[in-house]
Amino acid sequence: MTALNRVPSLMARAGTASALTLAAVGGSLVVPGLASDAEAATPATKALQVAASKKGSPYKYGAAGPHRFDCSGLTLYSYKKAGKKLPRTAAQQYNKTRHISSGSRKAGDLVFFHSGSNVYHVGIYAGKGKIWHSPKTGEVVKLEKIWTKSVWYGRVK
């Protein structure tokens with residue numbers, strides 16, 4: 001192996017040592033073109049993380065956090081923490097989102113439960129057919145499988 005052929009492996013080892021050293025002393029490594037986790041997170045992703053962080057918080061009608069929530073209070077609070085403004089009720093939130101198909105849904109989109117044209121519940125889509133939501137009196141914020149096909153999806157603008 002010539003010295004020229006060894007340069008990439010030597011650089012790789014030096015880079016690894018530098019990164020490990022930085023990590024050991026609490027430093028950070030800046031790589032052009034790569035965003036940090038915080039910078040890469042979209043408002044939808046942040047809202048989903050906020051909702052998940054409220055797991056176990058009790059349901060209370062009319063509550064919008066930070067310790068108790070009704071369904072639309074949880075979505076309002078989560079998106080507010082992510083830098084987006086939503087109206088107060090599930091129906092108002094539905095009217096303020098960009099309506100999307102179930103095939104286009106992504107984690108962080110809102111899931112609206114309806115009976116006919118009446119929207120009565122909302123949660124935040126978590127992926128794999130599940131939502132984070134604050135269900136009803138006597139329950140807590142939790143991750144749950146979507147239990148009906150009577151849902152519409154909305155993306156916060």
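For the structure, check the block above.
Residues numbered from 1 in each chain as written. Predicted model: local features only at pLDDT ≥ 70, side-chain atom pairs only at ≥ 80, totals over all residues. Heavy atoms only, no water.

### Some details on the sheet that holds strand 2 (residues 110–115)
The sheet built from six strands is open, its strands ordered 1-6-2-3-4-5 with antiparallel pairing. Each having just a single partner strand, strand 1 (98–100) and strand 5 (142–145) make up the two edges of the open sheet. In this sheet, adjacent strand axes meet at a mean angle of 45° when their direction is disregarded. By the bridge criterion, six bridges tie strand 2 to strand 3 (residues 118–127) in an arrangement that is antiparallel. Looking across to strand 3, one finds that S115 is bridged to N118. (Pairing = 2+ DSSP bridges. Helix = DSSP H or I, 4+ residues; strand = E, 2+ residues; numbered from the N terminus. Axes fitted to C-alpha atoms, helices over the stretch in contact; angles between N-to-C directions.)

### Observations regarding the packing of helix 3 (residues 43–53) against helix 4 (residues 71–81)
Relative orientation and spacing of two packed helices are given, respectively, by the angle between their axes and the distance between those axes. Viewed as axis vectors pointing N to C, helix 3 and helix 4 meet at an angle of 125°, and their least axial separation amounts to 8 Å. As far as their axial angle goes, helix 4 and helix 3 are oblique. Between helix 3 and helix 4 lies a crossing whose hand is right-handed. For the pair helix 3 and helix 4, the contacting residues are P43, A44, A47, V50 and A51 in the first and L74, Y77, S78, Y79 and K81 in the second. Broken down by class, the residue content of the contact of helix 3 with helix 4 amounts to eight nonpolar, one polar and one charged. (Parallel < 35°, antiparallel > 145°, perpendicular 65-115°, else oblique. Left-handed = near helix turned anticlockwise from the far one by under 90°. Contact = heavy atoms within 4.5 Å. Nonpolar A, V, L, I, M, F, W, Y, C, P; charged D, E, K, R; others polar.)

### So, unusual backbone geometry
Cis geometry is found at the peptide bond from G65 to P66, where omega equals 5°. Along the chain, P66 falls in the loop between helix 3 and helix 4. The backbone of K128 sits at a positive phi, close to 55°, despite the residue not being glycine. When you line up the elements, K128 lands in the loop between strand 3 and strand 4 (130–133). Accessibility expressed as a relative area gives 81% for K128, which makes it exposed. (Buried < 20%, exposed > 50% of the residue type's maximum accessible area, 1.4 Å probe, protein only.)

### Here's the deal with the pattern of salt bridges
Opposite charge on two side chains permits them to pair, given that their charged atoms come into close proximity. Across all of its chains, the model carries four salt bridges by this definition. For R88, the salt bridge identified is with D70, shortest N-O distance 3.0 Å. Here the residue R88 occupies a position in the loop between helix 4 and helix 5 (90–96), and D70 occupies one in the loop between helix 3 and helix 4, the gap between them amounting to 18 residues. On the accessibility criterion, D70 (7% relative accessible area) is buried. Taking the shortest distance from any N to any O, the salt bridge between E139 and K142 comes out at 2.6 Å. What makes E139 partly exposed here is its relative accessible area of 22%. By sharing partners, the salt bridges in this structure join K136, E139 and K142 into a single network. (Salt bridge = Lys/Arg side-chain N within 4 Å of Asp/Glu carboxyl O.)

Any functional reading would require information beyond the geometric quantities listed.
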